[in-house]
Amino acid sequence: MLVLVVDSSTPAVAAALVEVSADGVAIRASRCTVDARAHGELLAPHVDAVLADVDARPADLTAIVAGLGPGPFTGLRVGLVTAATMSQVLDVPTYGVCSLDGLGHPAAAGEPVLAASDARRREIYWAVYDGAGRRVAGPQVAAPTVVAQRARELAVTVAVGDGAHRYADVLGLPVRDEPRYPDPLTLVHLAAPRIRAGAPSELLTPLYLRRPDAVAATGHKPVLR
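Okay, so let's go over this structure.

Parameters at a glance
Along each chain, numbering runs from 1 in the same order as the chain's sequence is written. With pLDDT at 70 or above as the cut-off, local features in this predicted model cover only qualifying residues; side-chain atom pairs require 80 or more to be listed or tallied, and sums for whole chains, interfaces and linings still use all residues. Side-chain numbers here rest on the full set of heavy atoms in the structure, without hydrogens or water. Here, nonpolar core refers to any group of buried Ala, Val, Leu, Ile, Met, Phe, Trp, Tyr and Cys residues whose side-chain atoms link them within 4.5 Å. Relative accessibility thresholds used throughout: buried, under 20% of the residue-type maximum; exposed, over 50%; partly exposed, between the two (1.4 Å probe, protein chains only). Under the scheme used here, helices are H or I runs from DSSP no shorter than 4 residues and strands are E runs no shorter than 2 residues, and both carry numbers assigned from the N terminus. We call two residues in contact when some of their heavy atoms are within 4.5 Å. Every case where a carboxyl oxygen of Asp or Glu lies within 4 Å of a side-chain nitrogen of Lys or Arg is listed as a salt bridge. By definition here, a helix of n residues has an expected span of 1.5 Å times n minus one. By this definition, two strands are paired if DSSP reports at least two bridges between them. Between the N-to-C directions of two axes lies an angle of 0 to 180 degrees, each axis being a line fitted to C-alpha atoms and, for a helix, fitted only over the stretch in contact.

1. Some words on the nonpolar core
Of all hydrophobic cores here, the largest spans 26 residues; its most connected members are L4, V6, L17, V47 and L61. Contributions of two or more residues to this core are made by strand 1 (2-7), strand 2 (12-20), helix 1 (39-53), strand 4 (63-67) and helix 2 (73-90). Broken down by element, this core gets its largest block of residues, five residues, from helix 1. Setting aside anything within four residues of it in sequence, one finds L4 in contact with A16, L17, V47, V50, L61, A63, I64, V65 and M86. Counting 16 residues, the second largest nonpolar core, distinct from the first, contains I124, V128, V156 and A159.

Quick look at the structure:
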């Protein structure tokens, strides 16, 4: 089964094609560009490129997996709208996975790990995973000082992700070089049981965790007195 995975929850705009079989998952093609201001310009060409790399057509897809975030509003919705639109046009199911799982799950190696991505406004999106890669806290958004305290309470010993690199001095944890951004192969691996079972398509509900920066005005200021 040929599965498309997209994630735009971080500055890394990613698309990949993954082969899902009864025995496991294997990546066939991938594209990733780190640019926090060009999600809309980059994702569709990345999808076209990975299909071309394996001489496949959109009609060859069995399912689509999308990273649900958490992530900033503008970037995150690009991936989810792309996945939902392709799902409707191609009549294939979509499955969502928390994007932080694509950081914390592969990083788990017998010790608790903090996965963190940049949430802007001097905050980070974070979650904690046990030694087996199971999420035990989060996803949440908070200031790095608050996350550092929670990490100590949960006996975390290492951190991963771009947010952890950005605030390493505050978190006070060793930070691994990789993964820095959600791993598309891991996102499909976590969705694979649903894909193999032919589970119904899921509503891709974004994990914004807070309101967008731009909101509609709630009233009108008088111009005359």
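2. Re the pattern of salt bridges
On inspection of all chains with the given rule, the structure shows eleven salt bridges. Here R28 and E19 are joined by a salt bridge, their closest N and O atoms 2.8 Å apart. Since its relative accessible area comes to 27%, E19 is described here as partly exposed. D162 is the partner of R180 in a salt bridge, and the nearest nitrogen-oxygen pair spans 3.0 Å. A residue pair is termed long-range when its members are at least 10 positions apart, and R180 in the loop between helix 6 (168-171) and helix 7 (184-197) and D162 in helix 5 (residues 162-166) qualify at 18 residues.

3. A look at helix 1
Look at helix 1: 21 Å from first C-alpha to last across 15 residues, which is about the 21 Å you get at 1.5 Å a residue. Turning to helix 1, its buried residues number three or more, namely H39, L42, L43, H46, V47, A49, V50 and L51. At its buried positions, helix 1 is contacted by strand 1, strand 2, strand 3 (25-34) and helix 2. Downstream of helix 1 by one or two residues, D55 has phi in the positive range, about 55°.

4. Here's the deal with the sheet that holds strand 4
In space, the five strands of this open sheet follow the order 3-2-1-4-5, with mixed pairing throughout. Looking at strand neighbours, the two that pair on one side only are strand 3 and strand 5 (94-97), the edges of this open sheet. Taking the axes of each pair of neighbouring strands and ignoring which way they run, one obtains an average angle of 20° across the sheet. Set on the sheet, helix 1 makes contact with strand 1, strand 2 and strand 3; between it and strand 2 the angle comes to about 25°.

5. Side note on the sheet that holds strand 6 (residues 113-120)
Hydrogen bonds along the backbone pair up the strands of a sheet, which may run parallel or antiparallel. The strand order 8-7-6-9 describes an open sheet built from four strands, whose pairing is mixed. Two strands lie at the open edges of the sheet, namely strand 8 (135-142) and strand 9 (158-160), each paired on one side alone. Ignoring which end each strand starts from, the neighbouring axes of this sheet average 20° apart. Looking at chain direction, strand 7 (residues 123-129) and strand 8 are connected through five bridges and run antiparallel. Opposite Y125, over in strand 8, you have V141 as the bridge partner. This element, helix 4 (residues 144-153), spans strand 6, strand 7 and strand 8 of the sheet and lies at about 15° to strand 7.

6. Focus: unusual backbone geometry
A cis amide bond links G138 with the next residue in sequence, P139, at an omega value of 5°. Within the secondary structure layout, P139 lies in strand 8. Geometrically, the link from E178 to P179 is a cis peptide bond, its omega value of -5° lying close to zero. Along the chain, P179 turns up in the loop between helix 6 and helix 7. Phi at R122 takes a positive value of approximately 60°, unusual for a residue other than glycine.

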